[in-house]
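Overview (structure and organization)
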Amino acid sequence: MHEKIRLELIIERMALKRACRILETAGVSGYTVLPALSGYGRGSRWQRDRDLSASQDMLVIVSISDEASIRNVLLELHELLDQHIGILNTSRVEVMRPDRF
Amino acid sequence: MDLMLSTLLSPMVLFFVLGLSAALLRSQMTIPEAFAKGLAIYLMMAIGLKGGVEMSRSDISLQVWAVFAAGIVLSFCLPVIAFALLRWTSKLDRIDAAATAAHYGSISIVTFVAATQVIKAAGLESSGYMVAVAALMEAPAIMTALLLAQRGQKKSPSVAGSESGELYREVLLNASVVVLVGALIIGWITGEAGMERISPFFVDPFQGVLCLFLLDMGLSAGRGLRQGWRQLDFSAIAFGLYMPLISAAIGGVLAWSLGMPAGDMALLMVLAASASYIAVPAAMRLAMPKAKPSIYLTLSLGVTFPFNLAVGIPLYLYFANLIQG
């Protein structure tokens, strides 16, 4: 098994393209976007399907890459999260095929 | 009084009230997101096609161009009044006040659709080109709000990952503008012959689909109100009720000065009075991410939309009838 870094970013739908541009420009090998169904934070619940504009929907971006690539994106993602609603975390993971990341 | 009662007891308003009550009582009833979006597209296509067909019957006169210009001017100017009133009467900061003002300069197409049905039921006529006025009034308010938010402030650096032109794409090419303007042009090109072929889908079921959609709008409004009311103080809620009246009065004066007939005057008043909750919230998340959606969405969807549907539309129609009827 080979060690890599997994980045998980939960972010509002309207900022998705901005986050994806940051990841692509920094050269991460890939990412996957998943819908977030509902959640709770700062004293209130939120749920998908509740707003026709979908402007309050949240999404999850998952990217597994080498440490250098992930470090490249952290500063810009931090700046993005200064403006947009979201949560960012990274963790060490083990992958079977390192050439894919 | 009869008009107000018949509007309040119409199936579309009663279905809206059903949805609103269900949400306020914490019912688990939901309408799937994709289905609700499909209904919205259907309604915009139907109203666009109908407007286009009516426009194809006659040439666009100078007066129609003047109404188009009036709609654009209204959308540009109403946010200035809304912003000033919010800053003067409420505790909202500059960003929240500007974002909320944008919603009140733009329009709600569902309020417009509901108003066309009330006008029809009252035995009045409205012109097809009013659909084009609705489309023209979607975007200018957003530009005014951006200027209001930036006035006197240092130019803020662009948000990380942003791209030039992304806001304009969102504002000018959002689904409601594309579908509404597209259907209007298709209706204009194909005329009555084209409409005859698709009327079993776009004309006959229209009222039923509108009821279904308003049931969903009631659910959205009720949930928004339940979750967001804590963010609003009395002055902000009052704004959601008196701002549509001010906007409608300005729209009415403009319509009167242009010599518009009662049905069209009522529609211009409705467009001025309505507040966006589809196109503008999305644009605001891009342009002013620091503004709180719980404030502007709760006000436009939870306060102003139900007010216009139940009280505003019959009131505007009554005054339009009184002035031009």
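Read on for a plain summary of the structure.

Overview of the pairing of strand β1 (residues 2-12) of chain A
Two elements, β1 of chain A and strand β6 (residues 86-95) of chain A, share 10 bridges in a ladder whose sense is antiparallel. Within the sheet, the bridge partner assigned to Glu8 of chain A lies in β6 of chain A and is Asn89 of chain A.

What about the side chain of Gln117 of chain B?
Residues and elements named next belong to chain B. With respect to the secondary-structure elements, Gln117 resides in helix α6 (residues 109-121). Under the relative-accessibility criterion, Gln117 is labelled buried at 9%. Filtering out sequence-adjacent residues up to four positions away, Gln117 remains in contact with Met12, Phe206, Gln207 and Leu210.

Details of the environment of Asn308 of chain B
Residue and element names in this part refer to chain B. Mapped onto the fold, Asn308 is located in helix α15 (residues 293-324). As for Asn308 and Met44, which are separated by 264 residues in sequence, their C-alpha atoms are 19 Å apart. Filtering out sequence-adjacent residues up to four positions away, Asn308 remains in contact with Thr111, Pro244, Ala273, Ser274, Ile313, Pro314 and Tyr316.

Remarks on a nonpolar patch on the surface
All names here are of chain B. On the surface, a nonpolar cluster with roughly 560 Å² of combined accessible area is contributed by Trp256, Tyr318, Phe319, Leu322 and Ile323. Of the residues forming the nonpolar patch, the biggest block, four residues, is contributed by α15. Tracing the chain through its elements places Leu322 in helix α15. What makes Leu322 exposed here is its relative accessible area of 57%.

What to know about the nonpolar core
The nonpolar side chains of a soluble globular protein tend to be buried, and buried together. Within the largest apolar cluster, 115 residues are counted, with the highest numbers of intra-cluster contacts made by Met130, Val133, Leu214, Met217, Met288 and Phe305 of chain B. The leading source of residues in this core is α15 of chain B, at 13 residues. Setting aside residues no more than four positions away along its own chain, Met130 of chain B makes contact with Val67, Phe112, Met260, Asp264, Leu267, Leu268 and Leu271 of chain B. Judged by nonpolar contacts, the second largest core, of 19 residues, contains Ala15, Ile22 and Leu59 of chain A together with Ala160 of chain B.

Focus: the environment of Pro35 of chain A
Residue and element names in this part refer to chain A. By the element assignment, Pro35 lies in strand β2 (residues 32-35). Accessibility expressed as a relative area gives 51% for Pro35, which makes it exposed. Remark: the alpha-carbon pair of Pro35 and Arg92, spanning 57 residues in sequence, is separated by 23 Å. Leaving out residues up to four positions away in the same chain, Pro35 has contacts with Arg48, Met58 and Leu59.

Side note on the pattern of salt bridges
Considering all chains together, one arrives at 13 salt bridges over all chains under this definition. The residue Arg285 of chain B makes a salt bridge to Glu12 of chain A at a minimum N-O spacing of 2.5 Å. Of this pair, Arg285 of chain B sits in helix α14 (residues 279-287) while Glu12 of chain A sits in strand β1, placing the two residues on different chains. Residue Arg21 of chain A is joined to Glu166 of chain B by a salt bridge in which the shortest nitrogen-to-oxygen separation is 3.2 Å. One end of the pair, Arg21 of chain A, is in helix α1 (residues 16-26); the other, Glu166 of chain B, is in helix α9 (residues 166-172), on a second chain. Taken as a pair, Arg21 of chain A and Glu166 of chain B share a single burial class, namely buried.

Looking at the side chain of Glu12 of chain A
Judged by relative accessible area, Glu12 of chain A falls into the buried class, the value being 1%. Contacts of Glu12 of chain A, omitting those with residues within four sequence positions, involve Ser55, Asp57, Met58, His84 and Ile85 of chain A together with Arg285 of chain B.

Thoughts on the packing of aromatic side chains
Residue and element names in this part refer to chain B. Enumeration according to the criterion identifies 10 aromatic pairs over all chains in this entry. When the centroid spacing of 5.8 Å and the interplanar angle of 80 degrees are considered together, the rings of Phe239 and Tyr242 count as edge-to-face. With Phe239 and Tyr242 both in helix α12 (residues 234-257) and three residues apart, the pair spans about one turn of that helix. Among the residues examined, Phe239 registers a relative accessible area of 0% and is labelled buried. Given a relative accessible area of 24%, Tyr242 falls into the partly exposed group. Grouped by ring-pair contacts, the aromatic residues Phe16, Tyr277 and Phe305 constitute a single cluster.

Digging into the environment of Pro293 of chain B
In this structure, Pro293 of chain B sits in helix α15. Its relative accessible area of 12% is what places Pro293 of chain B among the buried residues. With sequence-adjacent residues up to four places away left out, Pro293 of chain B is seen in contact with Gln56 of chain A together with Arg285 and Thr298 of chain B.

A few points about the interface of chain A and chain B
With 23 residues of chain A at the contact, the number on the chain B side is 28 residues. Looking only at chain A, the three residues that lose the most surface to chain B are Arg18, Arg50 and Leu52 of chain A, adding up to 33% of its buried area. Our enumeration of links across chain A and chain B arrives at four salt bridges. Summed over the shared surface of chain A and chain B, the result is seven residue pairs in polar contact (both at pLDDT 80 or more).

Regarding helix α10 (residues 175-202) of chain B
Residue and element names in this part refer to chain B. Between its first and last C-alpha atoms α10 spans 18 Å; for 28 residues at 1.5 Å apiece the expected length is 40 Å, and the helix comes up short by more than 12%. Roughly 110 degrees is the biggest bend found in α10, and it falls at Gly191. Those residues of α10 not exposed but buried are Ser176, Val177, Val179, Leu180, Ala183, Leu184, Gly187, Gly191, Gly194, Met195, Ser199 and Phe202. Buried positions along α10 lie against α3 (33-56), α6, α7 (130-136), α9, α11 (206-228) and α14.

Observations concerning the packing of helix α4 (residues 62-89) of chain B against helix α5 (residues 94-105) of chain B
Residues and elements named next belong to chain B. Across the interface, α4 lies against α5 with an axial gap of 8 Å and an inter-helix angle of 140 degrees. Taken together, the axes of α4 and α5 lie oblique to each other. Classified by chirality, the crossing of α5 by α4 is right-handed. Here Ser75, Leu78, Pro79, Ala82, Phe83, Leu86 and Arg87 of α4 come into contact with α5, specifically with Arg94, Ala97, Ala98, Thr100, Ala101, Ala102, Tyr104 and Gly105. Of the residues in the contact of α4 with α5, the class split is 10 nonpolar, three polar and two charged.

Basis of the calculations
- Each chain has its residues counted from 1, running along the sequence as written.
- Each chain is given a letter, starting from A, and each ligand a number, starting from 1, according to the order in which they appear as written.
- Per-residue local features are limited, in this predicted model, to residues with pLDDT of at least 70; the limit for side-chain atom pairs, both in listing and counting, is 80 or more; totals at the level of whole chains, interfaces and linings are taken over all residues.
- The basis for the side-chain values is all heavy atoms of the structure; hydrogens and waters are excluded.
- At least two DSSP bridges between two strands are needed for those strands to be called paired.
- Runs of H or I in DSSP of at least four residues are treated as helices and runs of E of at least two as strands, each being numbered from the N terminus.
- In this scheme, a residue with accessible area under 20% of its type's maximum is buried, one over 50% is exposed, and one in between is partly exposed, where area comes from a 1.4 Å probe on protein chains only.
- Residue contacts are counted whenever heavy atoms from the two residues lie within 4.5 Å of one another.
- Each patch is built from residues lacking any salt bridge and having more than 30% relative accessible area; the joining distance is 9 Å for like charges and 5 Å for nonpolar side chains (Val, Leu, Ile, Met, Phe, Trp, Tyr).
- Note on areas: these come from Shrake-Rupley sampling with a 1.4 Å probe, and a residue is covered only by the protein chains present in the view.
- Salt bridges are defined as contacts in which a side-chain nitrogen from Lys or Arg sits within 4 Å of a carboxyl oxygen from Asp or Glu.
- The definition of a nonpolar core used throughout is a set of buried Ala, Val, Leu, Ile, Met, Phe, Trp, Tyr and Cys residues joined through side-chain atoms within 4.5 Å.
- Pairing of aromatic rings covers Phe, Tyr and Trp, the last through its six-membered ring, and needs centres within 6.5 Å; plane angles under 30 degrees mean stacked, over 60 mean edge-to-face, and all others mean tilted.
- Take the accessible area each of two parts loses on contact, using a 1.4 Å probe, and add the two losses: that sum is the buried area.
- Distance and chemistry together define a polar contact, namely a pair of N or O atoms within 3.5 Å, with one atom able to donate a hydrogen and the other to accept it when in protein, and with adjacent residues in sequence counting only for side-chain atoms on both sides.
- Helices are assigned an expected span. That span is 1.5 Å times one less than the residue count.
- In this analysis the local bend is the angle between axes fitted, respectively, to the seven residues ending at and the seven residues starting at the residue.
- Axes, fitted as lines to C-alpha atoms, cover a helix only where it is in contact. Angles between the N-to-C directions of the axes lie from 0 to 180 degrees.
- Each angle gets one of four labels, with under 35 degrees taken as roughly parallel, over 145 as roughly antiparallel, 65 to 115 as roughly perpendicular, and the rest as oblique.
- For any helix crossing, the convention is left-handed if the near helix is rotated counterclockwise from the far helix by under a right angle, and right-handed if that rotation is clockwise.
- Each residue is assigned to one class: nonpolar for Ala, Val, Leu, Ile, Met, Phe, Trp, Tyr, Cys and Pro, charged for Asp, Glu, Lys and Arg, and polar for all the others, Gly among them.

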